[in-house]
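Descriptive analysis of the structure
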Amino acid sequence: MDSVFQFFAGIDWGSDKHRVCLIGRDGQIMAERWIEHSGDSLAELAAWLRQHTSDSPSLLAAAIEIPRGAIVETLLEHGFTVFSINPKQLDRFRDRYSPAGAKDDRRDAFVLADALRTDMHCFRSVKLDEPTMIRLRELSRLDDELAQEQNRAVNRLREQFHRFFPQLLQLSEGADEPWLWALFELAPSPLGAARLTEAKVARLLQQHRIRRLTAAQVRAVLKTKPLTLAPGAAEAAAEHALLLLPRLWLLHQQRADLGRRINAVLDQLATPAEDKHEHRDAAILLSLPGLGRKIAATMLSEASQAIADRDYHALRCYSGAAPITRQSGKKKIVLMRRGINQRLRNALYHWARVSVVFDPQSKKRYAAMRACGHSHGRALRGMADRWLKTLTSMLTTRTLYDAQRRAA
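Described below are features of the structure shown in this document. None of the values given here were measured: they were computed from a predicted structure. Within each chain, residue numbers correspond to sequence positions counted from 1 in written order. Owing to the predicted nature of the model, reporting of local features is limited to residues with pLDDT of at least 70; listing and counting of side-chain atom pairs is limited to 80 or more, with chain, interface and lining totals taken over all residues. Side-chain measures were taken over the full set of non-hydrogen atoms in the model, leaving aside hydrogen atoms and water.

**Here's the deal with the pattern of salt bridges**
Note on definitions: salt bridges are taken to be side-chain nitrogens of Lys or Arg within 4 Å of carboxyl oxygens of Asp or Glu. Enumeration over the complete set of coordinates arrives at 24 salt bridges. For Arg-255, the salt bridge goes to Asp-143, with nearest N and O atoms at 3.4 Å. Placement of the pair is Arg-255 in helix H11 (residues 233-270) and Asp-143 in helix H5 (residues 131-164), with a sequence separation of 112 residues. Looking at Arg-255, the relative accessible area reads 26%, which means it is partly exposed. Relative accessible area serves as the criterion here: at 8%, Asp-143 is assigned to the buried category. Residues joined in a network through salt bridges with shared partners are Asp-91, Arg-92, Arg-94, Lys-103 and Asp-108. Going along the chain from the N terminus, every DSSP run of H or I of four or more residues is numbered as a helix, and every run of E of two or more is numbered as a strand. Buried, partly exposed and exposed residues are distinguished by accessible area as a fraction of the type maximum, computed with a 1.4 Å probe on protein chains only: under 20%, between the cut-offs, and over 50%, respectively.

Now the structure itself:
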């Protein structure tokens, strides 16, 4: 494919402005310039590249470190071919031109262009995702961010309960259940909680569909003797906890709304077109044991191009299932891969963990690996690697998961 291109552009991406270097097939610099990060400047960049390539965008290949963003999408929309590379690989290419380790924006732009000219196989072609996939990625990432924010707020609330009202932690150790928040709002002090009637507690449990506890059990816990604190300490802690609750209610509501939106997008992606009867990628993913909707959303959004290409090796590298081997002479070490997409690694870990619980074959394979002396993490990575291979085969043949066929 590299024989098609006559011009190569390197773009050193920046937050405010970008450095662009254009070279020919002989490696000589044809033109250089700075581009501001604005709509007019990016449109001007596309026109400038067209001018230097005789209005033939198919003859130019552009190299950049990021696989998405406004500058990448602008170039793709104008017909240019864009390739991305890992910043660590770019650092190795930089050593070709400056063994002393010199680095600046102008040099990086030239290194990107010249490395693409000589070593295009080290770069990855960038393609635009579907609008639905872009939306799914944003919703999935936002859900993770809100989950982390909610976890921090819950930990602060739990600390205040532990400070003056530990009886509530006997009812919910993590203090992360909405019914407990409602109970605390109903009676924000140990003395007030002890005076709650059984009817009020039963009504609250019924509203939140709590069946593991009865109203009598809750009242028995609330009636235990409270902690003895300095005057004003309990009131201050209660006020602190009450100020945290509106934020927790909002985060809980937003996450519930996000869950509905993600489910709607997954249903849209899993529904085949009217003129086609083949299974879509989302439906294939959701048919696998241990892979729920949250993990499916992460897999589809974070590894969309690898899944579309049915690239098993890219999937296992992105997610960290592929180990790294370091061998020199008689010494050989196999290490866990660190340079990965952390969201993909977490999704793959939970997929393998849940499949061991609910899938008999996975449970048997996990037990066999543990019996061989592998650690829990190593066994789960092995299980995840097998699932990725199964997934790639299913995507290639467009078939849903069949436990009997896999056993055979």
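**Topic: the pairing of strand E8 (residues 331-335)**
Little of E8 is tucked away, with zero of its five residues classed as buried. For two strands to count as paired, DSSP must find a minimum of two bridges between them. Here strand E7 (residues 324-328) pairs with E8 via five bridges, running antiparallel. Residue Thr-325 lies in a different strand from E8, and its bridge partner there is Val-334. Connecting E7 to the next strand, E8, in antiparallel fashion are two residues, including Gly-329 with a positive phi near 65°.

**As for the side chain of Arg-343**
The topology assignment puts Arg-343 in helix H16 (residues 342-358). Assessed through its relative accessible area of 18%, Arg-343 is described here as buried. In terms of polar contacts, Arg-343 uses its side chain to reach the side chain of Asp-144, at 2.7 Å. Distance and chemistry together define a polar contact, namely a pair of N or O atoms within 3.5 Å, with one atom able to donate a hydrogen and the other to accept it when in protein, and with adjacent residues in sequence counting only for side-chain atoms on both sides. Of note is the side chain of Arg-343, whose polar atom sits 2.5 Å from the side chain of Glu-302. Residue contacts follow a heavy-atom distance rule, with two residues in contact if any of their heavy atoms lie within 4.5 Å. Those residues in contact with Arg-343 that lie beyond four places of it in its chain are Ser-140, Arg-141, Asp-144, Thr-298, Ser-301 and Glu-302.

**Description of the pairing of strand E3 (residues 29-36)**
By the bridge criterion, seven bridges tie strand E2 (residues 17-24) to E3 in an arrangement that is antiparallel. Its bridge partner lying in E3, Leu-22 is registered against Ala-31. The antiparallel hairpin formed by E2 and E3 contains four residues in its connecting segment, where Gly-27 sits at a positive phi of about 85°.

**Regarding the environment of Asn-346**
You can see Asn-346 is positioned in helix H16. A relative accessible area of 38% means that Asn-346 is categorised as partly exposed. Between the C-alpha atoms of Asn-346 and Val-111, which are 235 residues apart in sequence, the distance is 34 Å.

**As for unusual backbone geometry**
The phi dihedral of Ala-175 is positive, around 55°, even though this residue is not glycine. Within the secondary structure, Ala-175 sits in the loop between helix H6 (167-171) and helix H7 (178-186). In this structure, Arg-398 is a non-glycine residue whose phi angle is positive, near 55°. Among the structural elements, Arg-398 can be located in the loop between helix H18 (376-397) and helix H19 (403-407).

**Description of the environment of Asp-143**
For the pair formed by Asp-143 and Arg-247, sequence separation is 104 residues and the distance between their alpha carbons is 16 Å. The residues contacting Asp-143, other than those within four sequence positions of it, are Arg-255, Leu-258, Ile-262 and Lys-294.

**Concerning the packing of aromatic side chains**
Only the six-membered ring of Trp is used, alongside the rings of Phe and Tyr, when aromatic pairs are assigned; centres must lie within 6.5 Å, and planes under 30 degrees apart are stacked while those over 60 apart are edge-to-face, with the rest tilted. All told, the structure shown has eleven aromatic pairs when counted by the stated rule. Put simply, the rings of Phe-161, Phe-164, Phe-165 and Phe-184 pair up and form one aromatic cluster. When the ring centre of Trp-34 is taken as origin, the NZ or CZ atom of Lys-17, which lies over that ring, is 4.5 Å away. Lysine NZ or arginine CZ positioned within 6 Å of the ring centre and within 35 degrees of the ring normal marks a charge as sitting over the ring. Over the aromatic face of Trp-48 sits the side chain of Arg-33, whose NZ or CZ is 5.4 Å from the ring centroid.

**What about the sheet that holds strand E5 (residues 81-84)?**
With mixed pairing, six strands are arranged side by side in an open sheet as E3-E2-E1-E4-E5-E6. Strands with a single pairing partner mark the edges of an open sheet, and in this sheet they are E3 and strand E6 (124-125).

**Brief notes about helix H1 (residues 39-52)**
Between its terminal C-alpha atoms H1 stretches 20 Å, which fits the 20 Å expected from 14 residues at 1.5 Å a residue. Buried within H1 are the following residues: Ser-41, Leu-42, Leu-45, Ala-46, Trp-48 and Leu-49. For H1, the buried positions fall inside an angular range of 160° around the axis, keeping them on one side. In H1, the exposed positions angled more than 90 degrees off the buried face are occupied by Gly-39, Asp-40 and Gln-51. Take the number of residues in a helix, subtract one, and multiply by 1.5 Å to get its expected span. The arc in question is traced by the directions running from the helix axis to the C-beta atoms.

**A word on the nonpolar core**
Buried residues of nine kinds, namely Ala, Val, Leu, Ile, Met, Phe, Trp, Tyr and Cys, make up a nonpolar core once their side-chain atoms join them within 4.5 Å. With 47 residues, the main nonpolar core has Leu-136, Met-299, Leu-300 and Trp-351 as its most contacted residues. Among the elements that take part in this core, H18 stands out by supplying nine residues, more than any other. In this view, Met-299 contacts Leu-285, Ser-304, Ile-307, Leu-344, Trp-351, Leu-388 and Leu-391; residues no more than four positions away in its chain are not counted. Judged by nonpolar contacts, the second largest core, of 34 residues, contains Ala-175, Leu-196, Leu-204 and Val-218.

**Considerations on a positive patch on the surface**
Taken together, the side chains of Lys-364, Arg-365, Arg-386 and Lys-389 make up a positively charged region of the molecular surface. For the positive patch, the secondary-structure elements that each account for two or more residues are helix H17 (360-371) and H18. Following the sequence through the fold, Lys-364 ends up in helix H17. Given a relative accessible area of 66%, Lys-364 falls into the exposed group. To count toward a patch, a residue needs a relative accessible area above 30% and no salt bridge. Like charges then connect within 9 Å, nonpolar side chains (Val, Leu, Ile, Met, Phe, Trp, Tyr) within 5 Å. Per-residue accessibility takes into account occlusion by the displayed protein chains alone, with areas from the Shrake-Rupley method and a 1.4 Å probe. The sign given to each residue is positive for Lys and Arg and negative for Asp and Glu; His and the chain ends receive no count. Where a charge lies is defined by one atom per residue type, namely NZ (Lys), CZ (Arg), CG (Asp) and CD (Glu).

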